[in-house]
Amino acid sequence: NIWNAIMYYSNIAKVDNKETILKFLDKSINKVKKDRNWTQSTTNAIATLIYSSNLQLCTTNKSDDYRYYPFSTWNNEKRNYSVKLSPKPNRFIFNDNNITYTTISHSKNFCRYCYTTDYKTSKYFLVFRIFSKPFRVLLYKFDHYGNFLQEVHIKLLKNITIGGNNWHPISHIKITDNKLNFRIYSIYEQKNKKNKCSYIQIEVKID
């Protein structure tokens, strides 16, 4: 409507109006909204141990392939496409009203190619980042408008131990009220026989 009004009152409907529009934008937009400071919005959350499983075979399938492990099966079934990484580095694409939000100027912890899991709730887009050496979990929180809210470093209590190899996949993610519940798997690789796995189930407050 505003462009129709400009064209009508300026009597330029039949002429090139590029210069008029550029002048209008130049005078109207006099400041740019600054992104929220990522560092100041970084916090720690202490995880509580809910359950610790026994060590057992990772799969009963004849082939000892990672795709048959419980965490891989769960991720394939529960894959969520509401958030994804774009081909450009450090950029999230939110499929909620086609909002795109770029993280380049904020977190040094985020990378172009890394293992991530995303989750959409009624309030947030949650994106998980897993580090292997040493193992740690980061949680990025965004609202449904794509605005960054918080970077949460999930800390394990001293009595929570994880073993096996350096890769500890996360699965069985559940969110109820203001709590996040998920599993962390330990994989014990063995030569000439099937690998063994165990997992811990932890819970952390996200609000």
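For the structure itself, look to the data block above.
Residues numbered from 1 in each chain as written. Predicted model: local features only at pLDDT ≥ 70, side-chain atom pairs only at ≥ 80, totals over all residues. Heavy atoms only, no water.

**Remarks on the pattern of salt bridges**
(1) Moving on: Here the structure, examined in full by the defined rule, presents 4 salt bridges.
(2) Moving on: A salt bridge links K123 to D207; the nearest nitrogen and oxygen atoms lie 3.5 Å apart. Highlighted residues: K123 in the loop between β7 (116–120) and β8 (125–132) and D207 in the segment after β13 (196–205), separated in sequence by 84 residues.
(3) Moving on: Given a relative accessible area of 47%, K123 falls into the partly exposed group.
(4) Moving on: For the salt bridge of K141 with D207, the shortest nitrogen-to-oxygen distance reads 3.9 Å. In this pair, K141 sits in strand β9 (residues 135–142) while D207 sits in the segment after β13, placing the two residues 66 residues apart along the sequence.
(5) Moving on: Of the residues examined, K141 reaches a relative accessible area of 5% and is grouped as buried.
(6) Moving on: Put simply, K123, K141 and D207 are held in one network by salt bridges that share partners. (Salt bridge = Lys/Arg side-chain N within 4 Å of Asp/Glu carboxyl O. Helix = DSSP H or I, 4+ residues; strand = E, 2+ residues; numbered from the N terminus. Buried < 20%, exposed > 50% of the residue type's maximum accessible area, 1.4 Å probe, protein only.)

**Looking at the packing of aromatic side chains**
(1) Moving on: Under the definition given, this model contains 8 aromatic pairs.
(2) Moving on: When the ring of Y51 is compared with that of Y199, the centres are 5.8 Å apart and the planes differ by 45°; the resulting orientation is tilted. Separated by 148 residues along the polypeptide, Y51 in strand β2 (residues 48–52) and Y199 in strand β13 bring together distant segments of the chain.
(3) Moving on: Centre to centre, the rings of Y66 and F71 are 6.5 Å apart; their planes meet at 75°, and the pair counts as edge-to-face.
(4) Moving on: Taking relative accessible area as the criterion, Y66 reaches 24% and is therefore assigned partly exposed.
(5) Moving on: Taken together through their ring pairs, the aromatic side chains of Y51, Y66, Y69, F71, W167, Y185 and Y199 make up a single cluster.
(6) Moving on: If you follow K141 out to its NZ or CZ, it ends over the ring of Y124, 4.6 Å from the centre.
(7) Moving on: Geometry around Y199 places R183 over its ring, the cationic atom sitting 4.1 Å from the centre. (Phe/Tyr/Trp six-rings, centres within 6.5 Å; stacked < 30°, edge-to-face > 60°. Lys NZ or Arg CZ within 6 Å of the ring centre and 35° of its normal.)

**A word on the environment of I160**
(1) Moving on: Topologically, I160 is positioned in the loop between β10 (148–155) and β11 (170–176).
(2) Moving on: For I160 and I200, which are 40 residues apart along the polypeptide, the C-alpha to C-alpha distance reads 8.3 Å.

Any functional reading would require information beyond the geometric quantities listed.
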